[in-house]
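What follows is each chain in one-letter form.
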Amino acid sequence: MASDKFLEEDRWDLVIQPNKSLLNIPWADIWRYRDLWRMFVKRDVITVYKQTILGPIWYVLQPVLTTLVFMLVFGRIAGLSTDGVPQVLFYLSGITIWNYFSESFTNTSKTFIENAQIFGKVYFPRLILPLAKVSSGLIKFLIQLILFLGFWSYFLIATETIQPNAYVLLTPVYVVLMAGLGLGFGIIFTSLTTKYKDLIFLLQFGVQLLMYATPVIYPLSSVPEKYRPFILANPITSIIEGFKYGFLGVGEFPWEHLMYSVCFTAIILWLGVVIFNRTERSFIDTV
Amino acid sequence: MPDTIIQVENLGKLYRVGEIGTGTLSHDINRFWARLRGREDPFSKVGTINDRTKRAEKGEHVWALNDINFEVQQGEVLGIIGKNGAGKSTLLKLLSRVTSPTRGEVRIKGRVASLLEVGTGFHPEMTGRENIYMNGTIMGMRRREVRAKLDDIVDFAGVAKYLDTPAKRYSSGMTVRLGFAIAAFLEPEILIVDEVLAVGDAAFQKKAIGKMQEVSSEGGRTVLFVSHNMSAVQQLCTRALCIENGTLAQIGNVRPTIEYYLKGVNRNIGSREWNFESAPGNDKFKLLKIQVAQDGRSTNTVDINKNIQIKIEYDLSVSGKTVVNGINLYSSQGYCVFANCDWNQRHLNKGTYVRKVEIPAYTLAEGSYSVLFQTIILDPWDVAIHQKEILAFDAIEGQDTNSVRGLYKGPWPGVVRIKLNWSKEVLLSHVQED
């Protein structure tokens, strides 16, 4: 009898039930919809390419201009230290990797609001959308990384100002961490904004403020001792410091800082997926 | 015996109505606190059935669907009918997993693709081809499945020439055709179609209905078809279910279900009146009264051989505006018999107005009708009210030897029953002196 019952239930491809478990995350569905993931990435790229005159040139222009401004304001006027590294490389490295985080964060944090209409019409695993945003952000990041590597190679060959080391090989780890943090924070934010819309405003300048709490425009070594714990509590700190340490040979790289960031990312990501998953279910009823 | 492909059991969906989204933070904290202490949610008043004729209380919970049980067999075309707001769309949303049920269970065999609104997910900057892929993958297809069907889709939609044109340059007709073609050709086991046919032109509607029939009878696929168009339901469906106030009122053969539905719709309301506070409209315009009248009396049942009046009374709280009142008359089959507007109310002062429009005798056919009332205030264009089924009445034929049917008592065809003039055509050779 029991086996009959089992067979009976097994015949169905899909059983729709009230969702009770928060941890019931549709991984299998996400895998099944992987082509949609690809299409969303393509869509993001196409939109940027078609809607702007300069298209992907913006990807290059933006970090270059930001670096120039940083060199002028923080380098010349404020006279902040760059740990003895050429200013161009110092700022560009920080901006490149920081941008990937902030793009991932801000783009994924609009998931629900931007897609309310389509979410109301058709089902697909919602997590596909933020994943696609992070993936399409990766393309942009890679272009900017190539830009950075261009400058970097020049300084490496023509001058003796930088001493890269084997820690360069950790770069993929940093990229994954940045993507994970951006995605994690982004999906938590987008889940919360469905209920509390004011958080959107917080987000906009929050990301900007967060940059100043991260050693993007200054080296960690220049932070006064009493503020260090705060800066170190920021999980992005060790990533940016580690990136600069590997490529430029300056800054600090204790493994425990990196481990902290890894754990932090894992927790944020897990929390984000759970909250997102919960919101996804009730979202259409609350907008 | 055919295979059961959808099984719906005790399905229910609870919605919170009234004001949502203001003060939720404090409400949430309150609710959380109540839950911590094991108390009931202080903001819920559960148990109301979904009756849209009553005004929703603030924070009230309503069962948009309750206790729905039915099964669908493979290859069936199931029509889903019901009044606006009865819960049809909620049912479809549950079946297509857009929202999740509050209780109960749905078991499905195969893939579900829904065509809830044509062109969902179309991106204006992407080309037709890219959008086909986009739309197909949104419905859960793999890219290669889409590729295999691409030519069929393009042929059916007739967009071959524009395949590499951005979708923003497509006409709305093209978008509809393409959207329908994608869903129909991607061959999901279950296809959900909601009112899409209302958009396309007649030729396309015919084509689409044909395609749906083909998909179900030859492809063995199951179609759930939601429509207000009873003739389309009758033509297409093998079975129908009718939802009323969130519960399953009737399921079975198409004809009796449609009849049941039509009877329910025509709970006639020949006259409606509101006090100023509850009156429909907006801050400038309030509809205070609307009624069907004949022989100077308000009525639910009119005689088609006499003049029929529709009277409205409204309050205008701005001055100098041009107000356009309009009525559309719908037959019980859901098509619009006529639409008419009053263009002559220019630069009105504020105040209360009574207007009347007359449907002349010998115009309507017998049957049940509903009235859509709308008012637009011009400069700037502002739709003050647009309400379907604001009135409903039966039209019958009284004793009148002058009528269109004369003395004939049998069924009389025709959407309208206009009295035409028949005149004598005199042939010269037959002229006789009187």
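Reading the values: the criteria
Numbering of residues begins from 1 in every chain and follows the order in which that chain's sequence is written. Chains and ligands are labelled by the order in which they are written, letters from A for the one and numbers from 1 for the other. Thresholds applied to this predicted model are a pLDDT of at least 70 for local features of residues and 80 or more for the giving and counting of side-chain atom pairs; totals over whole chains, interfaces and linings are not thresholded and use all residues. The basis for every side-chain value is the complete set of heavy atoms in the structure, and neither hydrogens nor water enter the calculation. Only DSSP runs of H or I with at least four residues qualify as helices, and only runs of E with at least two residues qualify as strands; both kinds are numbered from the N terminus onward. Three exposure classes are used, based on accessible area relative to the maximum for each residue type with a 1.4 Å probe and protein chains only: buried under 20%, partly exposed in between, and exposed over 50%. Between N or O atoms, a polar contact is any pair within 3.5 Å; within protein, one atom must be a potential hydrogen donor and the other a potential acceptor, and residues adjacent in sequence are included only when both atoms are from side chains. Here, two residues are considered to be in contact whenever any of their heavy atoms come within 4.5 Å of each other. What counts as buried area is the accessible surface, traced by a 1.4 Å probe, that two parts surrender upon association, with contributions from both included. A side-chain nitrogen of Lys or Arg and a carboxyl oxygen of Asp or Glu constitute a salt bridge if their distance falls within 4 Å. Whenever a helix is involved, its axis is fitted only over the stretch in contact; in every case the axis is a line through C-alpha atoms, and angles between N-to-C directions fall within 0 to 180 degrees. The labels follow the angle: roughly parallel below 35 degrees, roughly antiparallel above 145, roughly perpendicular from 65 to 115, and oblique for the rest. Helix crossings get a hand from a simple test, with the near helix turned counterclockwise from the far one by less than a right angle marking a left-handed crossing and a clockwise turn marking a right-handed one. For this classification, the nonpolar set comprises Ala, Val, Leu, Ile, Met, Phe, Trp, Tyr, Cys and Pro, the charged set comprises Asp, Glu, Lys and Arg, and every other residue, Gly included, is treated as polar. Two strands qualify as a pair provided that DSSP identifies no fewer than 2 bridges between them. Here pLDDT means the predictor's own confidence in every residue, given as a number from 0 to 100.

**Let's talk about the side chain of R221(B)**
Residues and elements named next belong to chain B.
Logical step 1: In this fold, R221 is placed in the loop between α6 (202-217) and β8 (222-226).
Logical step 2: Judged by relative accessible area, which is 18%, R221 ranks as buried.
Logical step 3: In this structure the side chain of R221 is engaged in a polar contact, spanning 3.5 Å, whose partner is the backbone oxygen of P188.
Logical step 4: When neighbours within four sequence positions are excluded, R221 is seen to be in contact with G75, E76, E187, P188, E189, V215 and S216.

**A look at the interface of chain A and chain B**
Put simply, an interface is often sized by how much accessible area is lost when its parts join up.
Logical step 1: Contact residues are listed per partner, giving 39 residues for chain A and 48 residues for chain B.
Logical step 2: Summing the contributions of chain A and of chain B, the shared interface buries around 4000 Å²; its carbon and sulfur component is 57%.
Logical step 3: When residues of chain A are sorted by the area they lose upon contact with chain B, W12(A), I16(A) and M39(A) head the list and together hold 18% of the total.
Logical step 4: Here chain A is connected to chain B by two salt bridges.

**Description of the pattern of salt bridges**
Residue and element names in this part refer to chain B.
Logical step 1: The full count for this structure, using the stated rule, is 20 salt bridges over all chains.
Logical step 2: The closest approach of N and O atoms between R239 and E76, which form a salt bridge, is 2.4 Å. In this pair, R239 sits in strand β9 (residues 239-244) while E76 sits in the loop between β3 (61-73) and β4 (77-82), placing the two residues 163 residues apart along the sequence.
Logical step 3: Given a relative accessible area of 11%, E76 falls into the buried group.
Logical step 4: The salt bridge partner of R417 is E397, with a shortest N-O separation of 2.8 Å. Taken together, the residues R417 in the segment after β20 (382-396) and E397 in the segment after β20 connect sequence positions 20 residues apart.
Logical step 5: Residue classification places R417 among the buried positions, given a relative accessible area of 4%.
Logical step 6: Several salt bridges converge on common partners, so that one network encompasses E366, E397, R405 and R417.

**Examining the packing of helix α8 (residues 128-158) of chain A against helix α9 (residues 171-193) of chain A**
Residues and elements named next belong to chain A.
Logical step 1: α9 packs onto α8 with a crossing angle of 140 degrees between their chain directions and a minimal axis gap of 10 Å. The angle between the axes of α8 and α9 places the two elements in the oblique class. α9 is crossed by α8, and the crossing has right-handed handedness. From α8, P130, L131, V134, L138 and F141 reach across to α9, where they touch V175, A179, L183 and I187.
Logical step 2: Split by residue class, the contact of α8 with α9 holds nine nonpolar, no polar and no charged.

**Description of the packing of helix α5 (residues 87-108) of chain A against α8(A)**
Residue and element names in this part refer to chain A.
Logical step 1: One way to put it is that α5 packs onto α8 with a least axis distance of 9 Å and a crossing angle of 175 degrees. The pairing of α5 with α8 is recorded here as roughly antiparallel in orientation.
Logical step 2: Looking at the contact of α5 with α8 residue by residue, the class counts come to 15 nonpolar, eight polar and three charged.

**Considerations on the sheet that holds β20(B)**
Residue and element names in this part refer to chain B.
Logical step 1: Strand order in the open sheet formed by five strands is β14-β20-β19-β16-β17, with mixed pairing between adjacent strands. On the outer flanks of this sheet lie β14 (301-303) and β17 (336-348), each paired with one strand and no other. Geometrically, the sheet is characterised by an average inter-axis angle of 30 degrees between neighbouring strands, direction not taken into account.
Logical step 2: Relative to strand β19 (residues 367-377), strand β16 (residues 321-331) runs antiparallel, the two being bridged by nine bridges.

**So, the confidence of the model for chain A**
Residues and elements named next belong to chain A.
Logical step 1: On average, residues of chain A score 85 in pLDDT, and 94% of them are at 70 or above.
Logical step 2: Of all the helices and strands in chain A, helix α1 (residues 2-10) carries the lowest mean pLDDT, 45, while α9 carries the highest, 92.
Logical step 3: In the model, residues 1-7 has pLDDT below 50 throughout and makes zero contacts with residues more than four positions away in sequence or in other chains.

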